[in-house]
Amino acid sequence: KTSTPTPTTVPTSNPTTTTPDAALRLQNKLAETRKQFPDGWLVEAKGKSGYKITSPPPTYTFTTIKDAKAYLTTGVPPVKKPRKKKGDPSPDSTSASTSTSASASSPTSAEDKASDKAELVKKQFPEGWKVTVSGKSQYLITSPTNHTFNSISDAKAFLSTGALPSPSSSSKLVISPDLRAGKTLADIYADPLSMTACLTAYQANVKPTITPALLSGMEAMMKILCENHLSESFAEDLLHAEGDVADTYRQDIVFPVNLQEICRNIHDKKYKKTTELKIQVYRVFANSLKLQNSLGSPPSFRAISNHLRAYFNTLYMEFVMPSETPAVVKQSRPAAYEKNLATQLHFTRREISRKIRLTTIAETNMSQIAAQDLAKRIKAMAANGAKVDDLDTPLPPFLSTEKQSLEALATQIENITKLPDQEKPKIKTIVQWIDSVKAQHRSLTDRLSRALGMLSATVYEFVTRGIDNCSCIWAIPMKSIWARQNMKEPYLPATIIGEIRPGAVALDPIKAELCRINEARFPQDIIETLRKREATCKKLAVEKNECFYLVEFLGTHEFGWVRAKDTVAPFSSEEDPNWSVGEGGAKERISAGVLLQDENFTLGKQQAEDTLEELKYRMEDPCGDALEDELDAEGKPIAPPAQEPLKYSEWIKYDKDTDDGLVSDQDGELLLATHGDPEMYEKATSSGFVTAVGKPVVRKLPPTVPKRSTSDGSSSFLTASGFSSLSAAPNKQETVKLEKEEKERILQREFENEKRDGVSSVNGMLDVLDKGGKVLAQAQFASASAKRSGLVGLTAILKGSAGIISGGGENLWDMDLKRIPSAKKREEVLELQIKLIKDEIKLLQEVTEARAMVGRGPAVGAGPLTPSGTKRKIED
């Protein structure tokens, strides 16, 4: 009988049941986990090794210890985006489960969630602290001492230790959610020039990467900006200059930069984003405003700075932005949609700027050079598929009819150059010609508008310039007249800078724009007083049908509204209305008061004559593009002026050992957000809508000289008569001094260039000696040091080659010429160095001859001779 063995049953694991040992281990693990949470938290087992952790109200459920501890520490539950399942119609309809799920008591709307998050974080801080949510996981925490943090850990560290977070080079701006105040993007961008629209667009973080086409446009823009004679003052390197102004600059300016550095940065391709360029240009003008405030300079300097900053913005719109405005496309991603709207905002601002420019210059006669440039640009469009430049792409179907229309338009504009100046058409006529082509070919609308915009940018800048050394606010004069405050006061030379017509009728668009610009150039306290007087004058203009002028009295530089009947036009220094012709032709003084300051009266007459001359000059050169040559009485060109503005090509070659400092900081970002506008900048910082988080990297500057007093430059405001006065514009002595300093700077630049050429020549000589084997003992030292030190050390090299010294040089040649303040002293030192070099070359020749004569000189590569040995060989 064969017995069959009984099969052995192997127990299988059941996922729903656990062994007694496993259950005991799970209980111990739960007990250890419960100890990590305070009372009120519920910890349960979920599966073999999972957890279900529930917080006290407001109740949240977590499946990991890490998420639960994070909520316990920060008070903010982690939020994960729901996963999109295949086949879902839109991102909004999702049914994916998340590892962190809120219970039914969690907030439902986005605003309620943000509010609850802020409240939970606020509970972690004492009373007086403010917490707002600026994103899904970003906070803006403000202490009672107005210190701001965007990290809970930084805020808690400050609360416990009082220590602020360490400085960072990537500081940023945080835009408060209150800025939008529930408005939609369409509502915000309805006013594209407002601060709200600008800051909202900045928040979209649109920072284009620089392409070769953008780089070409940036260079074209900077050439036009920098060749304007007004830009020369902003190209000076005050960081390494001398004098009181340079001392104040080093003391007050944190991020020094000038237009010359920016040109070199563009040429050397240092910028990676277009915003980096804009920040540095805005900083040049912001630094200028800060410096002029410290020096107490007249408002004319501030007006010139703002004028050039606005000119840069205009050039940027036309030369760095393509022709076509991007279409608004509703995208599924909110961030992409906001970027699209923010990008379009810049094009909307460009359209507004173009309308203002073309309206202001409509009555300006077209000049010969302007017509040539516009015709050349339109011809290039016809040859390149309607491309204005490389930023545009060729039209997909560039029709032959479109090409013919562009060529005909270019020919029509080019024919203007053959007409006499008095018969040249006005710019509004050119606009009509271009509009007719746009009506025929809609595809050319954006391209032709940009070509015309490039012309209007330069002409508008010239038309809106003030007159140097005449107006202390650099106002745009409309007419030179004699004017008086009232019948008891004498007539004084003046210029009209504003007007109220009889019945308070609106001014024509051109005068209205010029008056607006003049008003913006006044200091704030003066314009507030003048506005009060303006309201009274408008009421009188309606009641009595009178005309009023806003005038600047030249010489004294007072401002006020005067009746038209208290003026005499046009101004003539030979026909003074304060005198009348009596019997026998003798002049008699009219008893209408006594002139208070005869010196100011004489100065005012001179400034009025200068204003008349400038206005006449602008009539002859309406577009400001024929200023290089002066014409004599017969219309023949005179020799060009002795001092011409530096050109862009010279700026990028001018070598200066300076740190360009491409540093990102919150001040630069705020300049970018407000387009460099000082008024918007001030409003943004004072409104509380913008907060800087982090600290900038402060640029290390050379040692500063204590700031000197500038009490002489103070300005006085508001007299009892309701008029306002300012310090006068620079006089002729100051102008001569400035011209002399500029000539010295030009000579210094020439000296630096000659020095560089001399170094190159000596280096070439050393290369020849190296190849010929004549430079013996110190060949390695020469090749290592000559290129680096220039003239400094060349005598040491030659001495080493001659075997007189060993090693690197003497103290005389280790000096830094830049530390010698006087140009004359530097020249003396260089002359001494040249003499010593010649002596050493002569000595080298003598030593070489002595070696050849005795036939026992050291071989190539041998060590240097001692001075005594050299002397002995020469004697032999």
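Residues numbered from 1 in each chain as written. Predicted model: local features only at pLDDT ≥ 70, side-chain atom pairs only at ≥ 80, totals over all residues. Heavy atoms only, no water.

Focus: the overall build of the chain
Using the following cut-off: The helix count covers DSSP runs of H or I at least four residues long, the strand count covers runs of E at least two residues long, and both are numbered beginning at the N terminus. We call a residue buried when its accessible area falls under 20% of the maximum for its residue type, exposed when it is over 50%, and partly exposed in between, using a 1.4 Å probe and counting protein chains only. By definition in these notes, contact holds between two residues if any of their heavy atoms fall within 4.5 Å. The accessible surface values rely on the Shrake-Rupley method and a 1.4 Å probe; as for residues, cover is taken only from the protein chains in view.
Looking only at helices and strands, the chain features 27 helices and 17 strands. The burial tally for the chain puts 41% of its 876 residues in the buried class. Summarising the internal contacts of the chain: among those between residues at least 6 apart in sequence, 67% fall at separations of at least 24. Entry remark: accessible area of the chain is about 48,400 Å², with carbon and sulfur atoms responsible for 53%.

A look at unusual backbone geometry
Residues A569 and P570 are joined by a peptide bond in cis, for which omega reads -5 degrees. Its location among the elements puts P570 in the loop between β13 (567-568) and β14 (579-581). Of note, the phi angle at N469 is positive, near 60 degrees, even though the residue is not glycine. Of note in this structure, A504 is not a glycine but carries a positive phi near 55 degrees. Looking at where A504 falls in the secondary structure, it is placed in the loop between β10 (492-500) and α17 (509-520).

Focus: the pattern of salt bridges
What counts, and what does not: Just to be clear on terms, a salt bridge is a Lys or Arg side-chain nitrogen sitting within 4 Å of an Asp or Glu carboxyl oxygen.
Summed over all chains, the structure comprises 27 salt bridges. K424 is paired through a salt bridge with D421; the nearest N and O atoms lie 3.1 Å apart. One salt bridge connects D508 with R501, and the closest N-O pair in it is separated by 3.2 Å. With a relative accessible area of 27%, D508 lands in the partly exposed category.

Concerning helix α2 (residues 65-74)
The test is simple: Directions from the helix axis toward the C-beta atoms define the arc.
D67, A68 and Y71 are the residues of α2 that are buried. Angularly, the buried residues of α2 cover 100 degrees about the axis, an arc narrow enough to put them on a single face. Just beyond α2, the residue with positive phi is G75, at close to 80 degrees.

Comments concerning the sheet that holds strand β6 (residues 139-142)
Defined as follows: Paired strands are those between which DSSP finds at least two bridges.
Judged by pairing direction, the sheet is antiparallel, and its three strands sit side by side in the order β5-β6-β7 without closing on themselves. Among the strands making up the open sheet, the edge pair consists of β5 (130-133) and β7 (148-149).

A few points about the nonpolar core
Let me state the cut-off plainly: Take the buried residues of types Ala, Val, Leu, Ile, Met, Phe, Trp, Tyr and Cys, join any two whose side-chain atoms come within 4.5 Å, and each joined set is a nonpolar core.
The biggest cluster of nonpolar side chains holds 77 residues, and the ones touching the most others in it are M221, M222, L259, I262, I266, M366 and I413. If near-sequence neighbours (up to four positions away) are discounted, M221 is found in contact with L277, F312, L315, Y316, F319 and V320.

Section: the packing of aromatic side chains
As a reminder of what qualifies: Here a Phe, Tyr or Trp ring, Trp counted by its six-membered ring, pairs with any other such ring whose centre lies within 6.5 Å, and the pair is stacked when the planes are under 30 degrees apart, edge-to-face when over 60, and tilted otherwise.
Across all of its chains, the model carries twelve aromatic pairs by this definition. With centroids separated by 5.0 Å and ring planes inclined at 20 degrees, the aromatic side chains of F125 and W129 adopt a geometry described as stacked. With a relative accessible area of 7%, F125 lands in the buried category. The class of W129 is buried, set by a relative accessible area of 6%. Here the aromatic rings of Y282 and F312 are separated by 5.8 Å at their centres, their planes lie at 90 degrees, and the arrangement is edge-to-face.

A short note on helix α11 (residues 299-319)
Filter applied, for reference: One fewer than the residue count of a helix, multiplied by 1.5 Å, yields its expected span.
A rise of 1.5 Å per residue sets the reference length of α11, with its 21 residues, at 30 Å; its end C-alpha atoms lie 30 Å apart and thus fit the reference within 8%. Taken across its 21 residues, α11 has 18 buried, putting it largely inside the fold.

Focus: the packing of helix α7 (residues 212-226) against α11
Formally: Angles shown run from 0 to 180 degrees and are taken between the N-to-C directions of axes, each axis being a line fitted to C-alpha atoms and, for helices, limited to the stretch in contact. Two helices cross in a left-handed way if the nearer one is turned anticlockwise from the farther one by less than a right angle. They cross in a right-handed way if the turn is clockwise. Residues are grouped as follows: Ala, Val, Leu, Ile, Met, Phe, Trp, Tyr, Cys and Pro are nonpolar; Asp, Glu, Lys and Arg are charged; every other residue, Gly included, is polar.
With their axes 9 Å apart at the nearest point, α7 and α11 run at an angle of 150 degrees to one another. Once α7 is placed against α11, the crossing between them reads as right-handed. Contact with α7, carried on its side by G217, A220, M221, M222, I224 and L225, involves L308, Y311, F312, L315, Y316 and F319 of α11 and no other residues of that element. The residue inventory of the contact of α7 with α11, partitioned by class, reads eleven nonpolar, one polar and no charged.

Some details on the environment of D178
Residue position: D178 is located in the loop between β8 (172-175) and α5 (185-188). Since its relative accessible area comes to 53%, D178 is described here as exposed.

Considering a negative patch on the surface
The condition is simple: The patch calculation keeps residues exceeding 30% relative accessible area without a salt bridge and links them within 9 Å when they carry like charges or within 5 Å when they are nonpolar (Val, Leu, Ile, Met, Phe, Trp, Tyr). Under this rule, positive means Lys or Arg and negative means Asp or Glu; His and the chain ends count for nothing. The location of each charge is read from NZ of Lys, CZ of Arg, CG of Asp or CD of Glu.
A cluster of like negative charges, contributed by E574, E575, E609, D610 and E613, occupies part of the molecular surface. In this fold, E575 is placed in the loop between β13 and β14.

Notes on the pairing of strand β9 (residues 479-483)
Of all five residues in β9, four are buried; the element is thus mostly enclosed. The pairing of β9 with β13 spans two bridges and is classified as antiparallel. Across the sheet, residue W482 finds its bridge partner in β13, namely V568.

Considerations on the side chain of S305
Turning to its location among the elements, S305 is positioned in helix α11. When sequence neighbours within four positions are dropped, the list of residues in contact with S305 reads F234, F285, S288 and L289.

Topic: the packing of helix α12 (residues 334-360) against helix α16 (residues 445-463)
To keep things clear, this is the line we draw: Each angle gets one of four labels, with under 35 degrees taken as roughly parallel, over 145 as roughly antiparallel, 65 to 115 as roughly perpendicular, and the rest as oblique.
For the pair α12 and α16, interaxial distance at closest approach is 9 Å and the crossing angle is 55 degrees. One way to sum up the angle between α12 and α16 is to call them oblique. Pair α12 / α16 crosses with left-handed handedness. Contacts from R350, R354, I356, R357, L358 and T360 of α12 reach α16 at S449, R450, L452, G453, S456, A457, Y460 and V463. Grouping the constituent residues of the contact of α12 with α16 by class yields six nonpolar, four polar and four charged.

So, the environment of L455
Looking at where L455 falls in the secondary structure, it is placed in helix α16. Residue classification places L455 among the buried positions, given a relative accessible area of 9%. Counting along the chain gives 168 residues from L455 to C623, while the straight-line C-alpha distance between them is 9.5 Å.

These figures come from the coordinates and say nothing about function on their own.
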